[in-house]
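# Structural description and commentary
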Amino acid sequence: SGHGQNEVCAFNSLFVQHSSGGPEYAAELQLQPSLETADEDILRQLASDAISCRNGTLCDAPRVQNWTSSLPCIKGIFSDEEICVFTDSNFAQGRGISLVTTPARAQFIASQPAFTSSALIKNVNPDRAHTIPANYKMKEIPGKGMGLEAIRHMKQGQLIMANTPSLMIDYRSFEWLPLQDHQLLQTMAVEYLPEAHQAAIMQLSTHDDVTDMPKDEIISKITSTNSFDITPHREDLEQDYKLFTLFPDIARLNHDCRPNAAYRFDHATMTQKIHALRDILPGEELTLSYTNPSVSRRERQDRLKRLWGFQCGCKSCTQNERRGKESDDRVAQINSLKPKFTDYPSTATAAMAELLINLSRQEGLWETIYLPYTYAALKYNSIGESSMAVKHAHMAMQYGLPLVGNEHSYMIEMATLVDKPSEHWSWRTSLGQSINVVIEE
Ligand SMILES: C[S@@+](CC[C@H](N)C(=O)[O-])C[C@H]1O[C@@H](n2cnc3c(N)ncnc32)[C@H](O)[C@@H]1O
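The text that follows walks through the structure, step by step, so that each part is easy to find.

## Comments concerning the site of the ligand
- Near the ligand lie 18 residues; those nearest to it are Lys144, Met146, His207, Arg252 and Asn254.
- Contact between the ligand and asparagine 254: a nitrogen atom at 2.7 Å from a side-chain N or O atom of the residue.
- At 2.9 Å from a nitrogen atom of the ligand is found a main-chain nitrogen or oxygen belonging to histidine 255.
- Considered on its own, the ligand offers 570 Å² of accessible surface; in the complex 94% of this is hidden by protein.
- Sorting the residues of the shell around the ligand by element identifies strand 5 (145-150), helix 11 (215-226) and strand 10 (254-255) as the ones contributing at least two each.
- Along the lines of polarity and charge, the residues of the shell around the ligand split into 6 nonpolar, 10 polar and 2 charged.

Below, the structure written as structure tokens:
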């Protein structure tokens, strides 16, 4: 690209100048720990040069439209493609958003309705939604740092809060760039945001003490302690590369192995939505599960310690040995029953689906309970019990719709079944014939 020819702005070409190695340097980079490859001062100089580029004095105009800035860029070690910082400081009523990604993906994201019809995301973020009374307050939670507490009664399925991202970091930035370059882009992505937004990010939890840490590392700690993995839009051609995404208000939700809330990202509105998994009373802490809840207590605790660095103090993790064992047994039974509904040929029955529902309810696994309700609806319909089928299909939708949306295959099946059970493909399929009722997720 034209950009690459400009020595002032092209980070990777300066890497080459800095070393004595020439073209082999790229190969060297793969072997050395990246922190030793570039001098901090040089990187800083490059960053400030890049800012000058952005102001149009040293470089070409940004190559991607719709962003208030689209620099700096760094070329990947394993790829010819560049990773750049894209900021739109007007996004979400001036709250702003920064992306660290390829120009192609940035262009795709900028074409989403959230960018092209800004009225869509008016009032999405708590600090901009002055007219909507908050459902929660932030407070200190013993042993967990800060957290969010419900201040009103909320119904199962209700939207609790929503947020647009502060930062979205393409996984290619971690994979293609040396750590120091990656951290530099991440820091610049923060620094390009409006000041109030930056301040909110810098106040987020770092889990450990970060006094005396350089800013790049503090920001890395903040993103790794608080970000969600977002699966790319289904029309994005690069499904393998997720987006590590920070939502500054939602980041205050602590983990619980049996949470009362769940998240879902809507690409069109670029909004992470938090819904109530069950009815919530005022005074309850609002929680999400950071990890798969359907594994044993030991496994959950190990994962949380390994991946997040904390000892889980949730109710399910701290209950006594006997109750802990009962919970593990239910989870194991759930996990052995579930495949019977999706494996072919299916040996499952409506009674087994009811058992799965009961176990999930007892265990408080609300996030996935739409699955056994869906199985039950299909099994009842397959034996011609339409009223039971419709009843369970309604339950599947009540729990599933807020979490997976109406385009999810299960929700589509349930909506058609409820409409006319006898015209659904599953109708009486288990009677007198040997067709099995199995649907794909
Ligand atoms: C995304 S932040 C949640 C908000 C955070 N407590 C704060 O003060 O901003 C994740 C961090 O919160 C703490 N945390 C979250 N859930 C926890 C739990 N169940 N037990 C202990 N610490 C928890 C850990 O320090 C974790 O790294």
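## Some thoughts on the packing of aromatic side chains
- Applying the stated rule across the entire model yields 17 aromatic pairs.
- Ring centres of tryptophan 67 and phenylalanine 86 lie 5.7 Å apart, and the angle between their planes is 50°; this geometry places the pair in the tilted category. You can see tryptophan 67 sitting in the loop between helix 4 (40-54) and strand 1 (73-75) and its partner phenylalanine 86 sitting in strand 2 (residues 82-88), a full 19 residues away along the chain. Considered together, tryptophan 67 and phenylalanine 86 belong to a single accessibility category, that of buried residues.
- Considering the side-chain rings of tryptophan 67 and phenylalanine 115, the 5.4 Å spacing of their centres and the 65° angle between planes classify their relative orientation as edge-to-face. Of this pair, tryptophan 67 sits in the loop between helix 4 and strand 1 while phenylalanine 115 sits in helix 7 (residues 113-116); the two residues are 48 residues apart in sequence, bridging distant segments of the chain.
- For tryptophan 67, a relative accessible area of 9% corresponds to the buried category.
- Phenylalanine 115 sits in the buried class, given a relative accessible area of 16%.
- Within the aromatic cluster, the residues linked to one another by ring pairs are Trp67, Phe86, Phe91 and Phe115.

## Quick look at the state of the cysteines
- Applying the stated criterion to the full structure yields 1 disulfide.
- The side chain of cysteine 73 participates in a disulfide bridge whose partner is cysteine 84; the two sulfur atoms lie 2.1 Å from each other. On the sign convention where negative means left-handed, the S-S torsion of about 100° between cysteine 73 and cysteine 84 marks this disulfide as right-handed. Within this pair, whereas cysteine 73 is found in strand 1, its partner cysteine 84 is found in strand 2, the two being separated by 11 residues in sequence.
- Among the cysteines around cysteine 314, which has no disulfide bond, cysteine 312 carries the closest sulfur, lying 3.7 Å off.
- For cysteine 314, a relative accessible area of 2% corresponds to the buried category.
- Cysteine 257 provides the cysteine sulfur closest to cysteine 317, a residue in no disulfide bond, and the two sulfurs are 3.7 Å apart.

## Digging into the side chain of lysine 379
- Of note, lysine 379 is situated in helix 17 (residues 370-382).
- This buried residue, lysine 379, is left without a salt bridge; aspartate 343 holds the nearest opposite charge, at 12 Å.

## Here's the deal with helix 14 (residues 321-337)
- Helix length check: helix 14, at 17 residues, gives a terminal C-alpha distance of 24 Å against a target of 24 Å (1.5 Å per residue), a fit within 8%.
- For helix 14, the full list of buried residues reads Gly324, Ser327, Arg330, Val331, Ile334 and Leu337. Here the buried residues of helix 14 occupy an arc of 155° about the axis, which is enough to place them on one side. Summarising the geometry of helix 14, the exposed residues directed more than 90 degrees from the buried face are Glu321, Arg322 and Lys325.
- Packed against the buried residues of helix 14 are helix 12 (297-308), helix 13 (315-318), helix 15 (339-342) and helix 16 (350-363).
- Here helix 14 starts with a cap whose side-chain oxygen sits 3.1 Å from the backbone nitrogen of arginine 322, and that cap is asparagine 320.

The rules we used
For every chain, the first residue of the written sequence is number 1, and numbering continues from 1 onward in sequence order. Reporting of local features is limited, given that this is a predicted model, to residues whose pLDDT is at least 70; pairs of side-chain atoms are given and counted only at 80 or more, and all residues count toward the totals for whole chains, interfaces and linings. Where side-chain values are given, they derive from all heavy atoms of the structure, hydrogens and water being excluded. Throughout, the term near means that a residue has one or more heavy atoms lying within 4 Å of the molecule or strand in question. Polar contact is defined as a pair of N or O atoms within 3.5 Å, subject to the rule that within protein one atom must be able to donate a hydrogen and the other to accept it, and that residues adjacent in sequence are counted only when both atoms are side-chain atoms. What sets the accessible areas is the Shrake-Rupley method with a 1.4 Å probe; for residues, cover comes only from the shown protein chains. What counts as a helix is a DSSP run of H or I of at least four residues, what counts as a strand is a run of E of at least two, and both are numbered from the N terminus. Each residue receives one of three labels: charged for Asp, Glu, Lys and Arg, nonpolar for Ala, Val, Leu, Ile, Met, Phe, Trp, Tyr, Cys and Pro, and polar for the others, Gly being one of them. Stacked, edge-to-face and tilted labels apply to pairs of Phe, Tyr and Trp rings (six-membered ring for Trp) whose centres lie within 6.5 Å, assigned for plane angles under 30 degrees, over 60, and everything in between, in that order. Partly exposed describes any residue whose relative accessible area lies between the buried limit of under 20% and the exposed limit of over 50%, with all areas from a 1.4 Å probe on protein chains only and scaled to the type maximum. Only a pair of cysteine sulfur atoms within 2.5 Å qualifies as a disulfide here. Only four residue types enter the charge count: Lys and Arg as positive, Asp and Glu as negative, with His and the chain ends excluded. Salt bridges are identified by distance alone: a Lys or Arg side-chain nitrogen within 4 Å of an Asp or Glu carboxyl oxygen. Here the expected length of a helix is defined as 1.5 Å per residue gap, with one fewer gap than residues. To obtain the arc, one takes the directions from the helix axis to the C-beta atoms. Contacts: residue pairs with any heavy atoms within 4.5 Å of one another.

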